[in-house]
Amino acid sequence: MELDKHYNPQEVEDKWYSFWNENGYFDSVPDQREPFTIVIPPPNVTGVLHMGHMLNNTIQDILIRKARMEGKNACWVPGTDHASIATEAKVVKMLAEKGIAKKDISRDEFLSYAWEWKEKYGGIILSQLHKLGASCDWKRTRFTMEDSLSEAVIQVFVKMYKDGLIYRGTKMVNWDPDGKTTLSDEEVIHKENNAQLFYVTYPFSDETIKSTGTSEPGLTIATTRPETVMGDVAICVHPDDTRYQNLIGKTVIVPIVNREVPIIADTYIDIEFGTGCLKVTPAHDENDYNIGEKHKLEAIDVLTDDGKIHERAGAYVGMDRFACRKQIVKDLDTQGLLLKTEQIKNTLGHSERTNAVIEKKISTQWFVNMQEFMKLHPEVLSSVMDGEIKFHPAKFKNVYKHWLDNIKDWNISRQLWWGHRIPAWYSKEGEMVVAETEEQALTEFKKLNSNIELKDLSQDNDVLDTWFSSWLWPISVFDGFKEGEKKDFEYYYPTNDLVTGPDIIFFWVARMIMAGYAFKGKKPFSNVYFTGIVRDKQRRKMSKQLGNSPDLFELLEKYGADGTRMGMLLSSPAGNDILYDEAQVEQGRNFCNKIWNAYRLISGWETVADDTLSEEVKASNQLASDWFSSRFQVSCNGIHESFQDYKISEALMATYKLIWDDFCSLYLEMIKPSYGDPISSKAAGEAKMHFENVLKLLHPFMPFITEELFHAIHNGTPEKPILVSEYPKAKDNVHVMNDNALGLVSEIRTIRNGKGMSPKLELEVIVKTEQTASYQTWEGIIKKLANISSISYNTDKPEKCISQLHGTDEFFIPFEEAIDVEAEKKKNEEEIAYLRGFLKSVEAKLNNEKFVANAKPEVIEKERQKKADAEEKIKKLIGG
RNA sequence: GGGAGCUUAGCUCAGCUGGUUCAGAGCAUCUGCCUUACAAGCAGAGGGUCACUGGUUCGAACCCAGUAGCUCCCACCA
């Protein structure tokens, strides 16, 4: 059957994926083999696949497939995250489109809509991974809100509460007015912002004017947030500020609301900033809050949960915070209290999810006491610092350390419904009990009050931060928190590698390490591979708004999964951003095609018994095969080394070059018989073996084409599929073959190109060398690759010829036509001049006593060799 | 404001503990080829004062200091 000149991925990908999956090759159960485990960073349950996922999961698949081929019990656990805030937002939006407002329905009704939504759209993203070739153990698919994982979350919460690591407290927290929930510090993104700084005058009270006799109209403060004026409870100056000494303890009138507030002093104030006077609004700013605490000031929260002006503000009620800012500035101006406006740069916190500007707000929430936690589990830091857990690249260790050194309490309660509900119950009297179930809570309450009943209890309305479940992922996917037998957990945990983005190093990576040590006394993984962010050629992040993200399914369709995988990997060293370029995917596709055609060549050979061929051909073929074996092993060792360092794109590049250059361009060309001629079955057999080996090296990167061709070279019935075949091993003491003669081939080809000779023109060559044997062995190959009719040694230089150095050997190609004698001479002279210069510098070095005295012996020896080589070359060029 | 890192061919990046036959790779570019595996290809070639300035050293892309530019992380200056 005639094979198409082009590899057609569509025809093979689905076939092999189902074959692998249906035959259970992705599945893992504990056995006596060494486990190799990866847990997927669970994507949002209602998410869709994007470039970041593609890259991330390709890398995981490469690691898993390699481990599987190395005979390990490879287990890649897939799953999804309930993504509390993101999913809830989507459901709210969906309901709004149906005309249903969240506030009009009950919690239970909302949740049933949410689950419905999850069932409908959830997990699409996982099925999209099939297309990519991801070899996950789908039977192990987990979801962070499924029963057993939820139980783990509750169990951990209760335990931490009992251990005093979780507390309920009233503090200043981050409030997202769009999501209408609090956020942890990590979920707040600080962005630089162009702000207006308003100088507003607060008139002195009559009392102040009387007692100080001032003629000033009042005290001017500078603020970027005039809409919080109604929450002002004091003006603060620096105690050493000479300008305001006599005013400390006096009062001013807050504009708009006409509240009389004191002028206080605190060293927090920066005398240089603005006017040196700060309006104190304890309900809306962390520093103000601290000052308020210190000076026992009231906190007046003037905002509602959705960022509008609250009734208690007493003015502008119901107006949006930003609209109010504009209006109040106008009004202050009208009243003559706005002195001036300056443009300044500051930073503003934004919600990671909704991008809303964050409000600081005093609120009663649940927290994890991180200081205390870290005191109990110092391994969280030390394991990473001393390499028990390795980060790739290691530079992220610094980031990690810095964060842990400055860690603050973790706000874990969210004012949402989609998530793990906080297991705390309150009685009507306001007593609280934390317990795993309602029944247990009741039992506890009964100890306080025997008459209390279930209906008297109400559960906390909040749910937990999504990351409070994600941090348990490597444990909970193996049911590590369940009672009873923990065979899976004990076998698979700690996992081996984690592949994720540096953007969630705090959210997730750090917290998994915390959970691992705190709840199991063991690290969750040994290696963390941080991928880069996928950007476009102009270094812009991929985003929906920019529309610079390619259609992934079109891409997979057009170039195939293998081509796409390769394209993404080629330019993505760990920790570097990858600049996505379709040209690279094209390169991947072309590579598939190259391999495909290598197969076409090999499979088309007509074979004959070995002894029907000439000795020269047999010897050449044997040499070619041995040479490739040696090249293969050298590359294979390099690839193993790259993998060890998690330089995966380097490993791929080495595989690429081995196949394209060494296998196709050299080895196959060496043994390829002339058109119509047969090849010995021995040579063909060895070629197949080599082909099989390079396919194995490539399989983790390009699973589909390698499986297809692996089957093809075994006539469809290999002993076992390539995905479970043995990955070529690194070996010590590799014999590196002297292939100096191949250099001669290149030189001759260059001459051909330079002289415009046709590749069809047969040439003769005369080599002047003392190492005749090193060329003689390769004669057959040289003749074939360089189209040479005869090679002779150490005969005189012909009258008309092209001469050239190859290393220290000289060779001549007799050539009658059109030799530019002058040009040849000039070239020769230039070469001599260069060598003399080179020789001079080497000699200078060798004559330098300090060099000879200080340099290592092998370095000196190297220099001496250089000197000898240069001298010999010069001699040949002159004498030639 | 604090910290980390980066600056090597047109582009994206390698260059381990300093030794100029180590300045390298892939892509891109250029030249010549439709040579029955592959034009999604073959054979070649040209590109870099290794950001800048000093220093250490017999010797620096590599070590040190400073300068400039870029990136990221953290941070409560209104």
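### Examining the protein's contact with RNA strand B
- Neighbouring RNA strand B are 59 residues; Phe273, Asn287, Arg589, Lys866 and Asp869 lie closest to it.
- Taking all atoms of RNA strand B within 4 Å of the protein, the share assigned to sugar and phosphate is 60%.
- Interatomic distance of 3.0 Å between a side-chain N/O atom of Lys657 and a sugar or linking oxygen of RNA strand B.
- When residues of the surface near RNA strand B are traced back to their parent elements, those giving at least two are β13 (338-351), α12 (396-405), α19 (582-603), α21 (648-671), α24 (740-755), α28 (849-854) and α29 (857-879).
- Top element by residues in the surface near RNA strand B is α19. It accounts for nine residues.
- In the surface near RNA strand B, the residues fall into 20 nonpolar, 21 polar and 18 charged.

### Concerning the sheet that holds strand β30 (residues 801-806)
- What the four strands build is an open sheet, ordered β29-β28-β31-β30; its pairing is mixed. With partners counted over all chains shown, the strands left at the sheet margins are β29 (788-793) and β30, one partner each. The mean inter-strand angle of the sheet, taken between neighbouring strand axes irrespective of direction, is 25°.
- For strand β28 (residues 763-768) and strand β31 (residues 809-814), the ladder comprises three bridges, and the chain directions are antiparallel. Residue pairing across strands places Val767 opposite Phe811, the latter belonging to β31.

### A closer look at the sheet that holds β13
- Ordered by their spatial adjacency, three strands build an open sheet running β8-β7-β13, and the pairing between neighbours is antiparallel. Of all strands in the sheet, those bounded by a partner on one side alone are β8 (218-223) and β13. Neighbour to neighbour, the strand axes of the sheet diverge by 20° on average, direction disregarded.

### Examining a negative patch on the surface
- Side chains of Asp147, Glu151, Glu436 and Glu483 sit close together on the surface and give a patch of like negative charge.
- Positionally, Glu483 belongs in the loop between α15 (473-476) and α16 (487-492).

### A short note on α12
- For α12, the complete set of buried residues consists of Phe396, Tyr400, Trp403 and Leu404. For α12, the angular spread of buried residues about the axis comes to 95°, placing them on one side. Residues of α12 that are exposed and point more than 90 degrees away from the buried face comprise Asn398 and His402.

### Digging into helix α13 (residues 438-448)
- Of all the residues in α13, the buried ones are Ala441, Leu442 and Phe445. Down the axis of α13, the sector holding all buried residues measures 100°, keeping them to one side.
- The secondary structure elements touched by the buried residues of α13 are β18 (424-426) and β19 (432-434).

### Considerations on the pairing of strand β2 (residues 73-77)
- With five of its five residues buried, β2 lies for the most part within the structure.
- Covered by surrounding structure in β2 are Asn73, Cys75 and Val77 together with Ala74 and Trp76, the residues of both alternating faces.
- Pairing analysis gives five bridges linking strand β1 (residues 35-39) to β2, with the strands arranged parallel. Across the sheet, residue Val39 finds its bridge partner in β2, namely Val77.
- Taken together, β1, helix α2 (residues 51-69) and β2 constitute a β-α-β crossover, and its handedness is right-handed.

### Description of the side chain of Ser363
- Tracing the backbone shows Ser363 in strand β14 (residues 359-368).
- Looking at Ser363, its side chain comes within polar contact range of the side chain of Gln365, at 2.6 Å.
- Once residues within four sequence positions are removed from consideration, Ser363 is found in contact with Gly169, Thr170, Lys171 and Val173.

### What about the packing of aromatic side chains?
- Throughout the structure, instances matching the rule amount to 40 aromatic pairs.
- Measuring from centroid to centroid gives 6.3 Å for Phe628 and Phe632, while their planes differ by 45°, and the two rings are tilted. Taken together, the residues Phe628 and Phe632, both in helix α20 (residues 615-644) and four residues apart, mark about one turn of the helix.
- For the pair Phe663 and Tyr667, a centre-to-centre distance of 5.6 Å together with 40° between the ring planes defines the contact as tilted. Taken as a pair, Phe663 and Tyr667 lie in helix α21 at a separation of four residues, close to a single helical turn.

Scoring rules and cut-offs
- Residues numbered from 1 in each chain as written.
- Chains lettered and ligands numbered in written order.
- Predicted model: local features only at pLDDT ≥ 70, side-chain atom pairs only at ≥ 80, totals over all residues.
- Heavy atoms only, no water.
- Near = heavy atom within 4 Å.
- Polar contact = N/O pair within 3.5 Å; in protein donor to acceptor, adjacent residues only side chain to side chain.
- Helix = DSSP H or I, 4+ residues; strand = E, 2+ residues; numbered from the N terminus.
- Nonpolar A, V, L, I, M, F, W, Y, C, P; charged D, E, K, R; others polar.
- Pairing = 2+ DSSP bridges.
- Axes fitted to C-alpha atoms, helices over the stretch in contact; angles between N-to-C directions.
- Patch = residues over 30% accessible without salt bridge, like charges linked within 9 Å, V, L, I, M, F, W, Y side chains within 5 Å.
- Areas by Shrake-Rupley, 256 points an atom, 1.4 Å probe, with all protein chains shown as cover.
- Salt bridge = Lys/Arg side-chain N within 4 Å of Asp/Glu carboxyl O.
- Lys, Arg positive; Asp, Glu negative; His and termini not counted.
- Charge placed at Lys NZ, Arg CZ, Asp CG, Glu CD.
- Buried < 20%, exposed > 50% of the residue type's maximum accessible area, 1.4 Å probe, protein only.
- Arc of directions from axis to C-beta.
- Contact = heavy atoms within 4.5 Å.
- Right-handed = clockwise from strand over helix to strand, strands pointing away.
- Phe/Tyr/Trp six-rings, centres within 6.5 Å; stacked < 30°, edge-to-face > 60°.

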